[in-house]
Amino acid sequence: MSTESDAKPQEELEPRVGPVPLEEPEFHPYHHPAAGWGAAKSVTQFLVRERELVDGPRAIMRMNHENTGFDCPGCAWPDDTKGLKLDICENGIKHVTWEMTRKRVGREFFAAHSVSELSAWSDFELENQGRLTEPMVYDPDTDHYVPITWKDAFEVAGRALRELDNPNQASFYTSGRLGNEATFLYQLMARELGTNNLPDCSNMCHEASGRALQASLGTGKGTVDLKDWESADALFILGVNAASNAPRMLTALSEAYRRGAQIVHINPLVEAAATRTIVPHDFLDMALFKTTKTSTLNLQPRIGGDMALLRGMAKAILEQAHTDPKALDKEFVDRHTTGFEAYRELCESTSWEELENQSGVSRDDILKAARVYRDADRSIISWCLGLTQHEHGVDTVREIVNLLLLRGNLGREGAGPSPVRGHSNVQGNRTCGIDHRPTEAFLDRLAEVCKIDPPRDHGLDTVNTIQAMLRGDVKVFVGMGGNFANAAPDTPVTHEALRNCDLTVQVSTKLNRSHLVHGRQALILPCLGRTEKDHQRKGLQSTSVEDSMSMVHLSVGMKRPASSHLLSEPAIVAGMARAALPDSATPWEWYIEDYDRIRDTMAQALDGFEDFNRRVRLPLGFRLKQPARELVFLTESGGAEFSAAALPDVVPAPGTLALGTMRSHDQWNTTIYSDNDRYRGVKNLRTLVFMNKDDMRERGIAEFDPVDITSTAKDGSQRHLNGHLAIPYDIPRGCAAGYMPEMNVLCALGDYSTQSDQPIMKHVKVTIEAAR
Ligand SMILES: Nc1nc2c(c(=O)[nH]1)N[C@H]1C(S)=C(S)[C@@H](COP(=O)(O)OP(=O)(O)OC[C@H]3O[C@@H](n4cnc5c(=O)[nH]c(N)nc54)[C@H](O)[C@@H]3O)O[C@H]1N2
Ligand SMILES: Nc1nc2c(c(=O)[nH]1)N[C@H]1C(S)=C(S)[C@@H](COP(=O)(O)OP(=O)(O)OC[C@H]3O[C@@H](n4cnc5c(=O)[nH]c(N)nc54)[C@H](O)[C@@H]3O)O[C@H]1N2
Ligand SMILES: [Mo]
């Protein structure tokens, strides 16, 4: 496999991802505040382009409004606790507008364009055609997608699933925006069929956080909520580009700054959220151009250097504890934790020299961060992909917990770990059963409540699903949302895997690469979006979602569906399930008539969902119980467990660089809105690589010079990406960064973390040279 991707000529990696820029690329470092008028202008241009100036703003006013609107699909940041604020952001608006577009992809479109022809289109052009309107099936004789009735489409999927020798020959992917009710039915279908093959986007995203928090605290989730964010004395923000990817965090940061809290950003790049903002919903601030700072200290570690930096902070706290009895919360450590002595010894025996070298941050700067941490009574540490998509992601997140435990920053107001989740319901998916490694307790209860006999063997995650498809062991792939072909690592290899399937089924709202890179048989099943009304036999339905902070609340669509032929996601799952399991005793059709019935079953089957239908209708929904928050640790020892992992060596070998793949401001994962990255000062260019200017000079590379990038995988195989333009950027030496999904060709499928099985997307080992 590796030699194959080695041999792939560059042309095969075309077509491009983003739109064709109309003007020359530009780069001017950004010095304006985040959000504010720049965002307002960008939104207006976007609404004009999508021809949504009338309905767009009306829908947006209904977003995130207690229980009367729909949940913003833009990210998983919680809604404002005060409920009534217009807590919206530029990227949420773009995201919703993208779904509500008036453009349509109907049968005429597919009749006019063959799959081969569409395969040459850019990803931007594909999605930009608008919303899918009716189910389609691939016709190999003509190489076109042709219309199919829902009944026949379900029968195609059902027959393929029924005819498998073994249910483990199917794999059921979930992208994290699927609502809780559809999620529950989806995992029920998979388990009733007899497989735990439930890969999800979380396997590429926060798997490391879940595993680390589970091991340390006995819960897979963060313990804080927005009220805690409002009362913390210090906030540490690691490895997240909040202004683009969780923009509503800007509000929390600016409010924290105004009340005098300390805000420390730890990121190889100084992202826009680490400077200042104009609070978007604060109309007075907007009118007066009033900016608020959102940072009191910025540290720029090398890529992968966070664990050493955090350990340095812990070492400083322990050193200070010799003379300052308040530095360490000895009482908390004694009463609630295990493993402290081993951790202390490890910190003491790690030299400052090693910590400086591995983190790429000077001792003085580490001490500055430690001082902030020591002086704060209540600290929150928050993180996203910059910490998780690494070989040692689990150890690093556990190091966060170690540091929190030292000062008892757990189980009390304003303190604790706070992962920033990605997709708007990725956390809810896991809660409601999307887990390839379910616990016995979960399966026992599911068996009892749903009267099925679920399989006990663990299933396949994302990487393992791709490997099994390549081997021919997985023959049917179902994508419940998302864009697997472009989101997964090692693009040509993932494509080969999808093409090797007997059947691929994609449940989608818009046309994307995963429809064109398909199995021998292929279905496109178009569904309602979250903004749309979902009418079933018993009336208008709502679905529930869970945000980053464990709040479960209802989302109700308000727009007329993009087409009268669309089905809801729960209905599509039920249709497939009935066709695959004709004798099933599960009342699939009855569930779809009224989602309250699904919720009643979930209330019995899922921990924390008691009285679901009533509680989810409370004004802000309800918060799932967080045992660690109450200092109850469901760990083996019954305490919070310190970890004592060795520091990994993250310093790039001479001549090589550590490359991080990330999102631009104008994209949503594989969905590209434009070729701009406003906060990083880039216009009309996505095929770029950000480099330190000294690393560029050393290689004889000037601004906008084309470069050749070569990655070397753990197994020694090499992958190439040629022609990206170099941009001199404020990034530590030895580090480079660029955009996913263009750079996924550099991520070897075999290069996943041995701790989390997550593909290593933030620390790709590369060499970069001027294009030959
Ligand atoms: N508008 C918008 N919102 C989104 C998304 C989107 O694509 N668009 N995607 C959603 C999803 S699914 C997710 S998972 C999240 C992703 O949210 P992010 O985690 O912000 O996603 P990335 O763009 O990958 O950015 C990674 C950040 O980590 C930093 N980083 C890279 N390597 C390191 C490191 O070694 N250490 C540290 N400390 N930092 C590092 C990068 O400089 C960058 O700021 O956002 C969600 N929200
Ligand atoms: N190199 C690299 N690769 C990465 C990452 C990285 O940082 N670097 N990040 C990883 C992460 S964190 C994630 S989460 C994955 C993202 O992986 P995915 O979740 O698989 O991808 P998305 O781009 O979010 O999916 C976009 C598609 O979802 C469909 N869609 C939109 N709304 C709906 C809906 O309401 N219902 C349904 N059924 N479909 C809908 C549309 O058809 C759209 O084309 O990518 C991963 N890949
Ligand atoms: Mo994600």
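Residues numbered from 1 in each chain as written. Chains lettered and ligands numbered in written order. Predicted model: local features only at pLDDT ≥ 70, side-chain atom pairs only at ≥ 80, totals over all residues. Heavy atoms only, no water.

Assigned secondary structure in the protein consists of 32 helices and 33 strands. For 772 residues, the compact-globule estimate of 2.2 N^0.38 gives 28 Å, and the protein sits close to it at 25 Å. Taking the principal axes of its C-alpha atoms as reference, the protein extends roughly 75 × 60 × 55 Å. A sequence separation of at least 24 residues applies to 78% of the contacts in the protein between residues at least 6 apart. (Helix = DSSP H or I, 4+ residues; strand = E, 2+ residues; numbered from the N terminus. Rg over C-alpha atoms; globule rule 2.2 N^0.38 Å. Contact = heavy atoms within 4.5 Å.)

Spatially, six strands are ordered S6-S5-S18-S17-S16-S7 in an open sheet, and the strand pairing comes out mixed. The open sheet is flanked by strand S6 (144-147) and strand S7 (170-174), the only strands paired with a single partner. The average angle at which neighbouring strand axes cross in this sheet is 20 degrees, direction not considered. Note: strand S5 (residues 136-139) against S6, four bridges, orientation antiparallel. Each residue of the ladder has a partner; that of valine 137, found in S6, is valine 146. Helix-sheet contacts for helix H8 (residues 150-162) involve S7, strand S16 (476-480), strand S17 (503-508) and strand S18 (521-526), and the interaxial angle to S18 is about 135 degrees. (Pairing = 2+ DSSP bridges. Axes fitted to C-alpha atoms, helices over the stretch in contact; angles between N-to-C directions.)

A few words on the UniProt feature "domain: Molybdopterin dinucleotide-binding" (unreviewed entry) in the protein. The UniProt record marks residues 657-741 with the feature "domain: Molybdopterin dinucleotide-binding" (unreviewed entry), using the residue numbering of this structure. Within the segment residues 657-741, helix and strand shares are 7% and 46% respectively, and the terminal C-alpha atoms sit 19 Å apart. (UniProt positions renumbered as here; feature names shortened; annotations may be inferred.)

A few words on the site of ligand 1. The immediate surroundings of ligand 1 are formed by 30 residues, with Asn267, Glu271, Gly304, Asp306 and Asn669 found nearest. Interatomic distance of 2.9 Å between a backbone N/O atom of serine 244 and a nitrogen atom of ligand 1. A distance of 3.3 Å separates a nitrogen atom of ligand 1 from a polar backbone atom of glycine 386. Compared with its free state, where it exposes 920 Å², ligand 1 has 98% of that area covered by protein. Mapped by element, the contributors of at least two residues to the shell around ligand 1 are helix H12 (242-245), helix H20 (385-388) and strand S26 (667-668). Here the shell around ligand 1 takes three residues from H20, the largest share from any one element. (Near = heavy atom within 4 Å. Polar contact = N/O pair within 3.5 Å; in protein donor to acceptor, adjacent residues only side chain to side chain. Areas by Shrake-Rupley, 256 points an atom, 1.4 Å probe, with all protein chains shown as cover.)

Attention now goes to the site of ligand 2. The local shell around ligand 2 holds 30 residues, among which Tyr173, Ala487, Glu569, Thr670 and Asn744 are the closest. Measuring from a nitrogen atom of ligand 2, one finds a side-chain N or O atom of asparagine 744 at 2.7 Å. When ligand 2 sits alone it has 920 Å² of accessible area, and the protein chains cover 97% of it. Residue assignment places the shell around ligand 2 across two domains, with domain 1 (10-28 + 652-770) and domain 2 (104-205 + 449-593) each supplying three or more. (Domains from an automatic or database assignment.)

Before going further, it helps to examine unusual backbone geometry. Going from methionine 740 to proline 741, the amide bond is cis rather than trans, its omega being -5 degrees. Examined against the element boundaries, proline 741 turns out to sit in the loop between strand S32 (735-739) and strand S33 (764-770). Not every positive phi belongs to a glycine, and lysine 451 is a case in point at roughly 55 degrees. Position of lysine 451 relative to the elements: it lies in the loop between helix H23 (440-450) and helix H24 (462-471). For aspartate 757, which is not a glycine, the phi torsion comes out positive at approximately 65 degrees.

Membership of the largest hydrophobic core comes to 64 residues, with the highest contact counts inside it found for Phe172, Tyr186, Met189 and Leu523. Apart from residues no more than four positions distant in its own chain, phenylalanine 172 is found in contact with Leu161, Tyr186, Met189, Ala190, Leu193, Thr195, Asn197, Leu198, Pro199 and Val478. Counting 53 residues, the second largest nonpolar core, distinct from the first, contains Met313, Tyr343, Ala369 and Ile381. (Core = buried A, V, L, I, M, F, W, Y, C linked by side-chain atoms within 4.5 Å. Buried < 20%, exposed > 50% of the residue type's maximum accessible area, 1.4 Å probe, protein only.)

Attention shifts here to the domain arrangement of the protein. Its domain assignment divides the protein into domain 1 (10-28 + 652-770), domain 2 (104-205 + 449-593) and domain 3 (208-419). The C-alpha centroid of domain 2 is placed 30 Å from the C-alpha centroid of domain 1. Together domain 1 and domain 2 conceal approximately 2,000 Å² of surface at their shared face, both sides included; 58% is due to carbon and sulfur atoms. Sorting the residues of domain 1 by area buried against domain 2 places Pro15, Thr670 and Leu749 first, and these three jointly supply 32% of that buried surface. Our count for the domain 1 to domain 2 interface comes out at one salt bridge. Two residues, arginine 719 and aspartate 490, come together in a salt bridge whose shortest N-O distance is 2.8 Å. Residue composition of the side of domain 1 that touches domain 2, grouped by class: 15 nonpolar, five polar and three charged. (Buried area = accessible area lost by both parts, 1.4 Å probe. Salt bridge = Lys/Arg side-chain N within 4 Å of Asp/Glu carboxyl O. Nonpolar A, V, L, I, M, F, W, Y, C, P; charged D, E, K, R; others polar.)

Helix H19 (residues 363-375) packs onto helix H15 (residues 306-321) with a crossing angle of 65 degrees between their chain directions and a minimal axis gap of 9 Å. Crossing hand, H15 versus H19: right-handed. Only Arg363, Ile366, Leu367, Ala369, Ala370, Arg371, Tyr373 and Arg374 of H19 make contact with H15, whose side of the interface consists of Leu309, Gly312, Met313, Ala316, Ile317, Glu319 and Gln320. For the contact of H15 with H19, the per-class residue count stands at nine nonpolar, two polar and four charged. (Left-handed = near helix turned anticlockwise from the far one by under 90°.)

Glancing now at the pattern of salt bridges. Any two side chains of opposite charge can pair, so long as their charged atoms come close to each other. One pass over the structure, following the stated rule, counts 48 salt bridges. One salt bridge in this structure joins glutamate 181 and arginine 599, with 2.9 Å as the shortest N-O distance. Remark: arginine 599 occurs in helix H30 (residues 595-605) and glutamate 181 occurs in helix H9 (residues 180-193); sequence separation between them is 418 residues. In this pair, the class of glutamate 181 matches that of arginine 599, namely buried. Among the salt bridges present, the one from glutamate 399 reaches arginine 311, with a minimum N-O distance of 2.8 Å. Residue glutamate 399 is located in helix H21 (residues 393-406), and its partner arginine 311 is located in helix H15; the two are separated by 88 residues in the primary sequence. Its relative accessible area of 0% is what places glutamate 399 among the buried residues. For arginine 311, a relative accessible area of 0% translates into the label buried.

Taken in spatial order, the five strands make up an open sheet running S12-S9-S8-S14-S15, and their pairing is parallel. In this open sheet, the two edge strands, each paired with only one partner strand, are strand S12 (297-299) and strand S15 (416-419). The mean angle between the axes of side-by-side strands here comes to 15 degrees, regardless of whether they run parallel or antiparallel. In the sheet, strand S14 (residues 379-383) pairs with S15 via four bridges, with the strands oriented parallel. When the sheet's bridge partners are listed, isoleucine 380 is paired in S15 with glycine 416. H21 contacts S14 and S15 of the sheet and is inclined by roughly 175 degrees relative to S14.

Take the packing of H9 against H30 next. At their nearest, the axes of H9 and H30 sit 10 Å apart, and the two run at 65 degrees to each other. Here H9 lies roughly perpendicular to H30, going by the angle between them. Crossing of H9 against H30: the hand is left-handed. Counted together, Asn180, Glu181, Phe184 and Leu185 of H9 and Tyr595, Ile598, Arg599, Thr601, Met602 and Ala605 of H30 form the full contact between these two elements. Residue composition of the contact of H9 with H30, grouped by class: six nonpolar, two polar and two charged. (Parallel < 35°, antiparallel > 145°, perpendicular 65-115°, else oblique.)

Before going further, it helps to examine the packing of aromatic side chains. Overall, the coordinates contain 22 aromatic pairs when judged by the stated rule. Measuring from ring centre to ring centre gives 6.2 Å for tyrosine 173 and phenylalanine 477, while their planes differ by 25 degrees; the resulting arrangement is stacked. Placement of tyrosine 173 in strand S7 and of phenylalanine 477 in strand S16 is noted, with a sequence separation of 304 residues between them. Exposure class is identical for tyrosine 173 and phenylalanine 477. Each is buried. Summarising the aromatic geometry, the rings of phenylalanine 612 and phenylalanine 622 are spaced 6.0 Å apart at their centres and angled 80 degrees between planes, so their arrangement reads as edge-to-face. Highlighted residues: phenylalanine 612 in helix H31 (residues 612-615) and phenylalanine 622 in strand S23 (residues 622-623), separated in sequence by ten residues. (Phe/Tyr/Trp six-rings, centres within 6.5 Å; stacked < 30°, edge-to-face > 60°.)

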